[in-house]
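Letter by letter, the chains look like this.
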Amino acid sequence: MAKFTPLHDRILVKRVEEAATTRGGIIIPDTAKDKPQEGEVISVGKGRVNEDGKTFPLAVKEGDRILFGKYSGTEIKIDGEDYIIMKEDEVLGILSGAAAKKEMAGARK
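Please read these numbers as outputs of a predicted model, since none were measured by experiment. Numbering of residues begins from 1 in every chain and follows the order in which that chain's sequence is written. The predicted origin of the model limits local features to residues at a pLDDT of at least 70 and limits the giving and counting of side-chain atom pairs to 80 or more, whereas totals for whole chains, interfaces and linings rest on all residues. With hydrogens and water excluded, all non-hydrogen atoms of the structure serve as input to the side-chain values.

### Quick word on the nonpolar core
What counts, and what does not: Nonpolar core, defined: a set of buried Ala, Val, Leu, Ile, Met, Phe, Trp, Tyr and Cys residues in which side-chain atoms within 4.5 Å join the residues together. The cut-offs for exposure are 20% and 50% of the maximum accessible area for each residue type, with area from a 1.4 Å probe on protein chains only; residues under the lower value are buried, those over the upper are exposed, and the others partly exposed. Strands here mean DSSP runs of E at least two residues long; helices mean DSSP runs of H or I at least four residues long; both are numbered from the N terminus. Residue contacts are defined here by distance: any two heavy atoms, one from each residue, within 4.5 Å place the two residues in contact.
Counting residues in hydrophobic clusters, the biggest one holds 10 residues: Ile11, Val13, Val41, Leu58, Val60, Ile66, Phe68, Ile84, Met86 and Val91. Looking at this core, the elements that each hand over two or more residues are strand E1 (10-15), strand E5 (65-68) and strand E7 (81-87). Look past the residues within four positions of Val13 in its chain and what remains in contact with it is Gly39, Glu40, Ile42, Ile66, Phe68, Tyr83, Ile84 and Met86.

Now the structure itself:
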């Protein structure tokens, strides 16, 4: 992947795809799915700059799993991959332990 570093308080996010089937085994067609509102932070800018020129680091960091609004950010393609660039203000929250929960769910099948 080409190295992309967002400026200021922007972050680069890759959507985390939802499962294509329900717990009951029903397959959900692509046309019925909403775009996922969960993603992984790929890279972050240096931080927010105030009027005095002081930089405040971002609360999110590379590797964080985040939730964001349905219409957040700007969709872009880098090396054929889909990403979203958004301001940190558009992040609703950081998920902790999400990867472990998904791995456990996959082990139960």
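### Examining the environment of Leu67
Note that Leu67 resides in strand E5. Taking C-alpha positions, Leu67 is 6.4 Å from Ile94, a pair spaced 27 residues apart along the chain. Residues in contact with Leu67, not counting those within four places in the same chain, are Gln37, Glu38, Val91, Leu92, Gly93 and Leu95.

### A few points about the pattern of salt bridges
As a reminder, the rule being used: Salt-bridge detection follows one rule: a side-chain nitrogen of Lys or Arg within 4 Å of a carboxyl oxygen of Asp or Glu.
Inspection of the entire model under this criterion finds eight salt bridges. For Arg48, the salt bridge goes to Asp9, with nearest N and O atoms at 3.7 Å. With Arg48 in strand E3 (residues 48-49) and Asp9 in the segment before E1, this residue pair connects regions lying 39 residues apart in the sequence. For Arg48, a relative accessible area of 35% translates into the label partly exposed.

### Notes on the sheet that holds strand E6 (residues 74-78)
Rule in force here: The rule for pairing is simple: two strands pair if DSSP sees at least two bridges between them. Lines fitted to C-alpha atoms define the axes, with helix axes restricted to the stretch in contact, and inter-axis angles between N-to-C directions lie between 0 and 180 degrees.
Strand order in the open sheet formed by six strands is E6-E7-E1-E2-E5-E8, and the pairing between neighbours is antiparallel. Unpaired on one side and paired on the other, E6 and strand E8 (91-95) mark the two borders of the sheet. Direction aside, neighbouring strands of the sheet carry axes that sit 45° apart on average. Pairing of strand E2 (residues 38-44) with E5, which is carried by three bridges, proceeds in the antiparallel orientation. Paired with Gly39 across the two strands is Ile66, which belongs to E5.

### Some thoughts on the environment of Glu62
Along the polypeptide, Glu62 turns up in the loop between strand E4 (55-56) and E5. With relative accessibility at 48%, the residue Glu62 sits in the partly exposed group. Once the C-alpha coordinates of Glu62 and Val41 are considered, the two residues, 21 residues apart in sequence, prove to be 5.0 Å apart.

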